[in-house]
Amino acid sequence: MAILAKQSYESLTEDTAIHLAKELNLFPEHASLSCIEIGDGNLNYVFKISDRITGSSVIIKQALPYAKVVGESWPLTIKRSTIEANALKKHGEYVPHLVPKVFAADEHLAITVIEDLSHLEIARIGLINGAEYPNLSQDIGEYLAKTLFFTSDFALHPFEKKRLAAQFSNPELCKITEDLVFTDPFFNHDSNDYEPELAELVYELWKNTELKVEAAKLKRSFVTEAESLLHGDLHTGSIFAGPAETKVIDPEFAFYGPIGFDVGQFIGNLLFQSIVRTGVKRDMIHTHIRTTWDVFYSTFSELWESHNIEPFSKTEGVKEDFLQKVFRDTLGFAGCELIRRTIGLSHVKDLDGIEPKDQRILFKKRAIELGTTLILNRSQWTSITDLIGRLEEEIS
Ligand SMILES: Nc1ncnc2c1ncn2[C@@H]1O[C@H](COP(=O)(O)OP(=O)(O)O)[C@@H](O)[C@H]1O
Ligand SMILES: CSC[C@H]1O[C@H](OP(=O)(O)O)[C@H](O)[C@@H]1O
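So, how was this worked out
- Residues numbered from 1 in each chain as written.
- Chains lettered and ligands numbered in written order.
- Predicted model: local features only at pLDDT ≥ 70, side-chain atom pairs only at ≥ 80, totals over all residues.
- Heavy atoms only, no water.
- 1 Å grid on protein atoms, 1.4 Å probe; cavity = no way out; pocket = protein on both sides within 12 Å on 5 of 7 lines; lining within 4 Å.
- Points joined across faces, edges and corners; volume = space filled by probe spheres on them.
- Helix = DSSP H or I, 4+ residues; strand = E, 2+ residues; numbered from the N terminus.
- Nonpolar A, V, L, I, M, F, W, Y, C, P; charged D, E, K, R; others polar.
- Pairing = 2+ DSSP bridges.
- Contact = heavy atoms within 4.5 Å.
- Axes fitted to C-alpha atoms, helices over the stretch in contact; angles between N-to-C directions.
- UniProt positions renumbered as here; feature names shortened; annotations may be inferred.
- Near = heavy atom within 4 Å.
- Polar contact = N/O pair within 3.5 Å; in protein donor to acceptor, adjacent residues only side chain to side chain.
- Areas by Shrake-Rupley, 256 points an atom, 1.4 Å probe, with all protein chains shown as cover.
- Domains from an automatic or database assignment.
- Buried < 20%, exposed > 50% of the residue type's maximum accessible area, 1.4 Å probe, protein only.
- Arc of directions from axis to C-beta.
- Buried area = accessible area lost by both parts, 1.4 Å probe.
- Salt bridge = Lys/Arg side-chain N within 4 Å of Asp/Glu carboxyl O.

Student: Just to check I follow, could you spell out empty space enclosed by the protein for this structure?
Tutor: Empty space among the atoms becomes apparent when a probe as large as a water molecule is rolled across them. Under the defined criterion, the tally for this structure stands at one cavity of 30 Å³ or more. Its boundaries defined by the atoms lining it, the largest cavity holds a volume of some 40 Å³. Lining the largest cavity are N44, K61, Q62, A63, R80, S81, E84, A110 and E252. Every element with two or more residues in the lining of the largest cavity is listed here: β3 (57–63) and α2 (80–94). Grouping the constituent residues of the lining of the largest cavity by class yields two nonpolar, three polar and four charged.

Student: Could you clarify how one ought to interpret the sheet that holds strand β11 (residues 246–248) in this entry?
Tutor: Either a parallel or an antiparallel arrangement is found when strands of a sheet pair, and the pairing is made through backbone hydrogen bonds. Within the open sheet, the three strands sit side by side as β8-β10-β11. Their pairing is antiparallel. Two strands in the sheet have a free side with no partner beyond their single neighbour: β8 (121–122) and β11. Pairing analysis gives three bridges linking strand β10 (residues 239–241) to β11, with the strands arranged antiparallel. Paired with F240 across the bridge in β11 is K247. Where helix α4 (residues 136–150) meets the sheet, it contacts β10 and β11, and its direction lies at approximately 40° from that of β11.

Student: Is there a simple way to think about the UniProt feature "domain: Aminoglycoside phosphotransferase" (unreviewed entry) in the protein chain in this case?
Tutor: Annotation from UniProt places "domain: Aminoglycoside phosphotransferase" (unreviewed entry) at residues 38–267. Along residues 38–267, the helical share is 39% and the strand share 20%, with 27 Å between the first and last C-alpha atoms.

Student: What exactly am I supposed to notice about the site of ligand 2 here?
Tutor: For ligand 2, the set of nearby residues contains 14 residues, the closest of which are N42, D233, H235, R340 and R341. With respect to ligand 2, the side chain of D233 contributes an N or O atom lying 2.8 Å from an oxygen atom. Here R341 contributes a side-chain N or O atom positioned 2.9 Å from an oxygen atom of ligand 2. Burial of ligand 2 by the protein chains amounts to 94% of its free accessible area of 400 Å². Within the shell around ligand 2, the residues separate by chemical class into five nonpolar, four polar and five charged. Looking at the shell around ligand 2, you find at least three residues from each of domain 1 (14–115) and domain 2 (121–395).

Student: Help me understand helix α7 (residues 199–207), please; the structure alone is not making it clear to me.
Tutor: Side chains of residues three or four places apart in an α-helix project in the same direction, reflecting 3.6 residues per turn. The complete set of buried residues in α7 reads A199, L201, V202, L205 and W206. Down the axis of α7, the buried set is contained in an arc of 160°. They therefore lie on one face. Summarising the geometry of α7, the exposed residues directed more than 90 degrees from the buried face are E200 and K207. Where α7 is buried, its residues touch α8 (209–224), α11 (318–343) and α13 (357–377).

Student: Help me understand the domain arrangement of the protein chain, please; the structure alone is not making it clear to me.
Tutor: For the protein chain, the assigned domains are domain 1 (14–115) and domain 2 (121–395). Centre-to-centre separation of domain 1 and domain 2, based on C-alpha positions: 27 Å. Each partner contributes residues to the interface: domain 1 has 24 residues there, and domain 2 has 31 residues. At the boundary of domain 1 with domain 2, total buried surface from both sides reaches about 2,300 Å², with 67% on carbon and sulfur atoms. There are two salt bridges connecting domain 1 and domain 2. Close ionic contact of R80 with E252 constitutes a salt bridge, the shortest N to O distance being 3.1 Å. For the pair domain 1 and domain 2, the interface holds ten residue pairs in polar contact (both at pLDDT 80 or more). Elements supplying a minimum of two residues to the side of domain 1 that touches domain 2: β5 (71–75) and α2. Counting residues per element, the side of domain 1 that touches domain 2 draws most heavily on α2, which supplies nine residues. Considered class by class, the residues forming the side of domain 1 that touches domain 2 number 13 nonpolar, six polar and five charged.

Structure (structure tokens):
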């Protein structure tokens, strides 16, 4: 929706962001505003605007017409901003306590005005620094179950489901995932990025036909299975966390896709922490992984029993078959995430921040091997205990 008189795009600066905040009446008339750009992601500007008098603040996020991490040579639709604002609002209907408030959005300027969450920290950074986040996996399990159930054919009239699927058609952002997650890392592609010490393992991966067949199946599933309105980029850098609060941000990759993709991306990113930790700190990550799946499973099952409009939903075995399929997908997508964040474009600090280099290389080899195992074994492993058992075996 356009909320401003100005109907054409221009990229904001810290000064013009303040003007915009005034035009939108986001602060009292006599506010004394300051602004800093705090974006550390790959794609967008994020302006934090604060009132020196009251201390109140808001975030204005703006999409650039290209991928910030690469520059103008990689044009990218600014429509992603509208997708993001609408996904925050749609998911907010089901889990208002787990997403930020959206105060305004403008499709021409490609901005979303969002609640400032600076009292929390980005979960990836906190986890790297040893934060425990006791509610994180419970909250994300609930977020996943509710957003994914209520936007699926199990809860929506087919006309409404298909209307939403059309509204959230997001081909350019999906193409990024299709390339960077599901294709490039499995081939000798320019976008890949890995240390020479990993080359031998990477060449083996490229020659592993069995693995490539399974990766191709996962890609097909991502491209064709419009199960639910996904977040689409649910890594730990898209989650703000604190001792008692969790908020999911940044759903600009939202689209109708397979449920296991969101579950798998979150679990995949927890697996990086499993790889780099030992002892009780590692056990804590395994508890988060188990809790995420268990809460997702039990909440989704309860919603299935209480709110499912699909006539087959009461047929014995249908629910179990569906959730088993989601589990398989979850493992496979988590495996793809491990591989792409290790050898593809756009790494994670969980691994890249490890010093000394020998240790980093060892962990990266483990990430590639675990990713491969998850993709190949996803049909044999039928419970989260199978996954945790495999992780524990690795160390013993
Ligand atoms: N609502 C918010 N409150 C406070 N900081 C935010 C908020 N949204 C984003 N940020 C900051 O901006 C960074 C990038 O935001 P993000 O939405 O992930 O952008 P991108 O889409 O470019 O990855 C986050 O890591 C966080 O530091
Ligand atoms: C060049 S896009 C790569 C990568 O960036 C996105 O991450 P984020 O917006 O959270 O920084 C997404 O994970 C894409 O795969």
